[in-house]
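Coordinate analysis (summary)
Read off the chains here:
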Amino acid sequence: MIRILLAEDEQAMREHLTRALTKSNYEVVAVDRGTAALPYLESEKFDLLLTDIVMPEMDGIELAQHCAKVSPDTQVMFITGFSGVTLRAGESVPKAKILSKPFHLKDLVLEVQRLFEPDSIGELN
């Protein structure tokens, strides 16, 4: 099963994302800030770090950079509602996917699926 570490400071958004991804058969560990994600990255294996960019204590870009050091095989996807930070994220972590808020939960699930099952996307349409 694909494991996702979700870092999102907005509780309602975190709960919606967790529910949608769990329903789609992904294992999700959800935390409310970047600093809370660090121990998980250092002690467990995740296939995807799904992180908001703008968070207190440690932003998603710093978290993704730390992830690249301690877990280089973990893919990164940013979610953000701030267009200004999107460019900075792309420059700081060039391999990361970026999904801009607002988005439909179905779109998020499709983007995650594309990362791990690129051949099966046609079957959904």
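Residues numbered from 1 in each chain as written. Predicted model: local features only at pLDDT ≥ 70, side-chain atom pairs only at ≥ 80, totals over all residues. Heavy atoms only, no water.

A closer look at the UniProt feature "modified residue: 4-aspartylphosphate" (unreviewed entry) in the protein
In plain terms, the rule: UniProt positions are given in the numbering used here, feature names are shortened, and annotations may be inferred rather than shown by experiment. Strands here mean DSSP runs of E at least two residues long; helices mean DSSP runs of H or I at least four residues long; both are numbered from the N terminus. Pairs of residues are marked as contacts when any of their non-hydrogen atoms sit within 4.5 Å.
In the numbering adopted here, UniProt assigns the feature "modified residue: 4-aspartylphosphate" (unreviewed entry) to D52. By the element assignment, D52 lies in strand β3 (residues 48-52). In this view, D52 contacts A7, E8, D9, G60, I79, T80 and K101; residues no more than four positions away in its chain are not counted.

A short note on the nonpolar core
Worth spelling out the cut-off: Nonpolar core, defined: a set of buried Ala, Val, Leu, Ile, Met, Phe, Trp, Tyr and Cys residues in which side-chain atoms within 4.5 Å join the residues together. The buried label applies to any residue whose accessible area, calculated with a 1.4 Å probe on protein chains only, is under 20% of its type's maximum; exposed applies above 50%, and partly exposed to all values in between.
Formed by 20 residues in total, the largest nonpolar core has its most connected members in L5, L49, L63, V76 and F78. Going through the elements one at a time, β1 (3-7), β2 (27-31), α2 (34-43), α3 (60-70) and β4 (75-80) are the ones with two or more residues in this core. If sequence neighbours within four positions are ignored, V76 has contacts with L48, L49, A64, A96 and K97. If you look at the next biggest cluster of nonpolar residues, it comprises 18 residues, including I2, L17, L50 and V112.

Concerning the sheet that holds β3
Strand pairing within a sheet occurs via backbone hydrogen bonds; the two strands may be parallel or antiparallel. Just so we agree on the cut-off: Strands are labelled as partners when DSSP assigns at least two bridges between them. Orientation is described by axes fitted as lines to C-alpha atoms, over the contacting stretch for helices, and by angles from 0 to 180 degrees between their N-to-C directions.
Strand order in the open sheet formed by 5 strands is β2-β1-β3-β4-β5, and the pairing between neighbours is parallel. Each having just a single partner strand, β2 and β5 (97-100) make up the two edges of the open sheet. Looking at each pair of strands side by side, their axes are set apart by 20 degrees on average, direction ignored. Lying on the sheet, helix α5 (residues 105-116) is in contact with β1, β3, β4 and β5; it crosses β4 at an angle near 165 degrees.

Describing the confidence of the model for the protein
Spelled out, the test is: For every residue, the predictor reports its confidence as pLDDT, a number between 0 and 100.
Residues with a pLDDT of 70 or more make up 83% of the protein, whose mean pLDDT is 86. Low confidence marks residues 121-125, where pLDDT is under 50. Its contacts with residues over four positions away, or in another chain, come to 5 contacts.

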